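Coordinate inspection notes
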Amino acid sequence: MRICVPRRGYQRLGHLSQVKLSEYLWDPPSNFTSMAPVLSSAPTIKVGHIDDVQELTKTRPTSVPESEDQSWGEMVKLAAACEEWGFFQVVNHGINTRLLESIQKVAKEFFMLPLEEKEKYPMAPGTIQGYGHAFVFSEDQKLDWCNMLALGVEPPFVRNPKLWPTKPVNFSEVLELYSVNIRKLCQQLLRYIARSLGLKAETFNDMFGQTVQAVRMNYYPPCSRPDLVLGLSPHSDGSALTVLQQDTGSVGLQILKNNTWVPVYPIANALVINVGDTIEVLTNGKYKSVEHRAVTNKEKDRLSVVTFYAPSYEIELGPLPELVDENRPCMYRRYNHGEYSRHYVTNRLDGKRSLDFAKIHTMN
């Protein structure tokens, strides 16, 4: 696996560098522990009712250099990405490209179905599973230009089978296999992140218990006034890690860096990894969740598949003692992760405001 990280100050993030389903199974490549950043022109460095928006509308990235690096140098780069950006991309991640293509295909086929077929899987008001819009709490609220299909995947009690589409016919089969592969990737990434902090590799995996995994498929139709509406409002994710698979047809994802929205240029078969609020809390703010948004495009549609990977709802979270000292005092209180999750999904997307739930506010 190679991890691609942006250069400090770089403002255009591009190239951060019918078969048997058994052939799709996740198989880490022999150089899975090898990571390298992709930089811009720099040498390789080691390391209620909602209208359906579809119905309403009826600098070139640089090449990815190859390198074999020492693990520690690569950990330094991973740490820098998590600390300075809260974001990186992974290539050579070991997930079969045919599976990546298959999940994109079934997602796109679902969104292209007639409206009456998609409405068989409605996202009820106040919930976050099904087809429609999430995080809608007011009739006066300005909606994002995006149709969503959101589904709980693991553990079994978070699933609502009635909301899993039966068309296309292989939807569930592909999503199941895709989710297994993404889960293994998240577990491995958490090992790397733990090691980059000087912790034991299994620190997070052991701590998280019965992890919660959900998927959200987003379809952004062309928008005649992209200057007036966003595809998805600015927010950080409440997860530990978020894995984004985006198509390469247009640029939609932007992250906030130094009060500037920076576009993330997609590369084929790469997966975008966001540090979520959970990791920010556990690392006592050392690794920061990234505020991001999706913009619309006047000419092109866009599809993305997002996986959220989070701890069990039952566990208590707070900064790890190893990451609290006199130079970095405790910044967050301990809390139940289930309570935070309920807080997150019952509030509208608004930057990193949800994290106020856990912050310790000191008197100046």
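Above this text you will find the structure in question.
Throughout what follows, the structure given in this document is the object of discussion. (Residues numbered from 1 in each chain as written. Predicted model: local features only at pLDDT ≥ 70, side-chain atom pairs only at ≥ 80, totals over all residues. Heavy atoms only, no water.)

**Quick notes on the overall build of the chain**
Within the chain, the regular secondary structure consists of 8 helices and 15 strands. Out of the 364 residues belonging to the chain, those deemed buried represent 55%. Here the chain displays about 16500 Å² of accessible surface, and carbon together with sulfur accounts for 51% of that area. (Helix = DSSP H or I, 4+ residues; strand = E, 2+ residues; numbered from the N terminus. Buried < 20%, exposed > 50% of the residue type's maximum accessible area, 1.4 Å probe, protein only. Areas by Shrake-Rupley, 256 points an atom, 1.4 Å probe, with all protein chains shown as cover.)

**So, the nonpolar core**
Ranked by size, the top nonpolar core spans 64 residues in total, and within it Phe204 and Met217 carry the most contacts. Trp85, Ile255, Val262 and Phe308 belong to the second largest nonpolar core, which has 11 residues in total. (Core = buried A, V, L, I, M, F, W, Y, C linked by side-chain atoms within 4.5 Å.)

**Let's talk about the pattern of salt bridges**
Between side chains of opposite charge, a pair can form when the charged atoms approach closely. This model, assessed by the stated rule, comprises 7 salt bridges. Between Glu202 and Arg191 there is a salt bridge, with the nearest N and O atoms lying 2.4 Å from each other. Taken as a pair, Glu202 in the loop between helix H5 (171–196) and helix H6 (203–208) and Arg191 in helix H5 lie far apart in primary sequence, 11 residues in all. A single network of salt bridges, built from pairs that share partners, joins Glu117, Lys120 and Lys167. (Salt bridge = Lys/Arg side-chain N within 4 Å of Asp/Glu carboxyl O.)

**Describing H5**
For H5, which comprises 26 residues, the first-to-last C-alpha distance of 37 Å matches the rise-based estimate of 38 Å (1.5 Å per residue) to within 8%. A positive phi of about 80° marks Gly198, the residue just after H5. (Expected span 1.5 Å × (residues − 1).)

**Considerations on the packing of helix H3 (residues 97–111) against H5**
Interhelical geometry of H3 versus H5 gives an angle of 135° and a closest axis separation of 10 Å. Accordingly, the angle class assigned to the pair H3 and H5 is oblique. Crossing of H3 against H5: the hand is left-handed. Each of Leu99, Leu100, Ser102, Ile103 and Val106 in H3 lies in contact with H5, whose residues at this interface are Phe171, Val174, Leu175, Leu177, Tyr178 and Asn181. Grouping the amino acids of the contact of H3 with H5 by side-chain chemistry returns 9 nonpolar, 2 polar and no charged. (Axes fitted to C-alpha atoms, helices over the stretch in contact; angles between N-to-C directions. Parallel < 35°, antiparallel > 145°, perpendicular 65-115°, else oblique. Left-handed = near helix turned anticlockwise from the far one by under 90°. Contact = heavy atoms within 4.5 Å. Nonpolar A, V, L, I, M, F, W, Y, C, P; charged D, E, K, R; others polar.)

**Examining the pairing of strand E6 (residues 212–220)**
With 8 of 9 residues buried, E6 is to be regarded as a mostly interior element. In this structure, strand E5 (residues 147–154) lies alongside E6, joined through 7 bridges in antiparallel fashion. Bridge pairing in E6 links Leu151 to Val215. Pairing between E6 and strand E13 (residues 302–310): 9 bridges, direction antiparallel. Bridge pairing in E13 places Asn218 opposite Ser304. (Pairing = 2+ DSSP bridges.)

**A closer look at unusual backbone geometry**
Geometrically, the link from Glu154 to Pro155 is a cis peptide bond, its omega value of -5° lying close to zero. Locating Pro155 in the fold gives a position in the loop between E5 and H5. In this structure, the amide linkage connecting Lys167 to the following residue, Pro168, adopts the cis form with an omega of -5°. Mapped onto the elements of the fold, Pro168 is located in the loop between E5 and H5. In this model, Asn269 sits at a positive phi of 70°, which is unusual for a non-glycine residue. Examined against the element boundaries, Asn269 turns out to sit in the loop between strand E10 (260–265) and strand E11 (271–275). At Asn284, a position not held by glycine, the phi torsion is positive, near 55°. Residue placement: Asn284 occurs in the loop between helix H7 (277–282) and strand E12 (292–295).

**Considering the packing of aromatic side chains**
Both the distance between ring centres and the angle between the ring planes are used here to describe each pair of aromatic rings. All chains considered together, the criterion is met by 8 aromatic pairs. Geometry around Trp85 places Lys257 over its ring, the cationic atom sitting 4.8 Å from the centre. (Phe/Tyr/Trp six-rings, centres within 6.5 Å; stacked < 30°, edge-to-face > 60°. Lys NZ or Arg CZ within 6 Å of the ring centre and 35° of its normal.)

**Re the pairing of E10**
Here strand E9 (residues 253–257) pairs with E10 via 4 bridges, running antiparallel. From the neighbouring strand, Ile255 faces E10, where its bridge partner is Val262. Counting the residues between successive antiparallel strands, the hairpin from E9 to E10 contains 2 residues, one of them, Asn258, with a positive phi of roughly 55°.

**Thoughts on the side chain of Lys118**
Here Lys118 lies in helix H4 (residues 115–118). Overall, Lys118 belongs to the buried group, its relative accessible area being 0%. Polar side-chain contacts of Lys118 include one of 3.5 Å to the side chain of Tyr131. (Polar contact = N/O pair within 3.5 Å; in protein donor to acceptor, adjacent residues only side chain to side chain.)

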